[in-house]
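The residues making up each chain are set out below.
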Amino acid sequence: MKRPTKIKVINFDFTIEWYHRGIENGASKFGWTDICKQEIYISDDLNPLKTADTLMHELLHALNWVFDIEDDTKEESVARRLSSGLLAIWRDNPELFQYLQWLLFAEQKKEEALGFCSPNLKPGDWVSLTVPLPTKIT
Ligand SMILES: [Zn+2]
């Protein structure tokens, strides 16, 4: 899957830079966020789980800044714990996040479909109310 390079964090556009930190060179950071430039740096040589954890961690730093949460002494600890915790919940409950995604885009899908969704239908069961085109009368 293609790595994201631009994301929106609330109303702010962030760039994601994938860099080669070189584990063999002893670099100490898997990623960091430059709030002034609204750039997130993620090492490109991490395994998938560590990449996800690092990206989520940096997103939490970005959210901390966007929401003006001033908690410098605990920010690193909170970001580390919440990123790992959220990803563990996601990994153990993938259907939960599919459901959340469905909820987040339900109204948009409803508008796009120009249809309706019965309460008895499941996610993805959108019914389109397309009107058949009139047949040509000759
Ligand atoms: Zn951090």
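Everything numeric here is computed off the predicted structure, so don't read it as measured data. (Residues numbered from 1 in each chain as written. Predicted model: local features only at pLDDT ≥ 70, side-chain atom pairs only at ≥ 80, totals over all residues.)

1. Describing the nonpolar core
Reasoning step 1: If you look at the biggest cluster of nonpolar residues, it comprises eight residues: F14, I40, I42, L55, L59, L60, A62 and A79.
Reasoning step 2: If you list the elements that add at least two residues to this core, you get β4 (39–43) and α1 (48–66).
Reasoning step 3: When residues of this core are assigned to their parent elements, the largest contribution, four residues, is made by α1. (Core = buried A, V, L, I, M, F, W, Y, C linked by C-beta atoms within 7 Å. Buried ≥ 20, exposed ≤ 12 C-beta atoms within 10 Å, placed from the backbone. Helix = DSSP H or I, 4+ residues; strand = E, 2+ residues; numbered from the N terminus.)

2. Looking at unusual backbone geometry
Reasoning step 1: In this structure, I10 takes a positive phi of about 55° despite not being glycine.
Reasoning step 2: Looking at where I10 falls in the secondary structure, it is placed in the loop between β1 (6–9) and β2 (12–19).
Reasoning step 3: With 9 C-beta atoms counted inside 10 Å, the residue I10 sits in the exposed group.
Reasoning step 4: The backbone of Q38 sits at a positive phi, close to 55°, despite the residue not being glycine.
Reasoning step 5: Checked against the element boundaries, Q38 lands in the loop between β3 (31–34) and β4.
Reasoning step 6: On the basis of neighbour count, Q38 is assigned to the partly exposed category, with 16 C-beta atoms found within 10 Å.

3. Looking at helix α2 (residues 72–92)
Reasoning step 1: Helix length check: α2, at 21 residues, gives a terminal C-alpha distance of 31 Å against a target of 30 Å (1.5 Å per residue), a fit within 8%.
Reasoning step 2: Of all the bends in α2, the greatest measures close to 25° and is centred on V78. (Expected span 1.5 Å × (residues − 1). Bend = angle between axes of the 7 residues up to and from the residue.)

4. Examining the pairing of β2
Reasoning step 1: The pairing of β1 with β2 spans four bridges and is classified as antiparallel. Note that in β2 the partner of V9 across the bridge is F12.
Reasoning step 2: Between β1 and β2, which pair antiparallel one after the other, the connecting turn spans two residues, and I10 there sits at a positive phi close to 55°.
Reasoning step 3: Direction of pairing for β2 relative to β4: parallel, over a ladder of five bridges. Bridging from a neighbouring strand, W18 pairs with I42 of β4. (Pairing = 2+ DSSP bridges.)

5. Describing the packing of α1 against α2
Reasoning step 1: Two elements in contact, α1 and α2, have axes whose closest approach is 8 Å; the angle formed by their N-to-C orientations is 130°. With respect to each other, α1 and α2 are oriented oblique. Where α1 crosses over α2, the two elements pack in a sense that is right-handed. Contact with α1, carried on its side by A52, D53, M56, H57, L60, H61 and N64, involves E75, A79, R80, L82, S83, S84, L86 and L87 of α2 and no other residues of that element.
Reasoning step 2: Class assignment for the residues of the contact of α1 with α2 results in seven nonpolar, five polar and three charged. (Axes fitted to C-alpha atoms, helices over the stretch in contact; angles between N-to-C directions. Parallel < 35°, antiparallel > 145°, perpendicular 65-115°, else oblique. Left-handed = near helix turned anticlockwise from the far one by under 90°. Contact = placed C-beta atoms within 7 Å. Nonpolar A, V, L, I, M, F, W, Y, C, P; charged D, E, K, R; others polar.)

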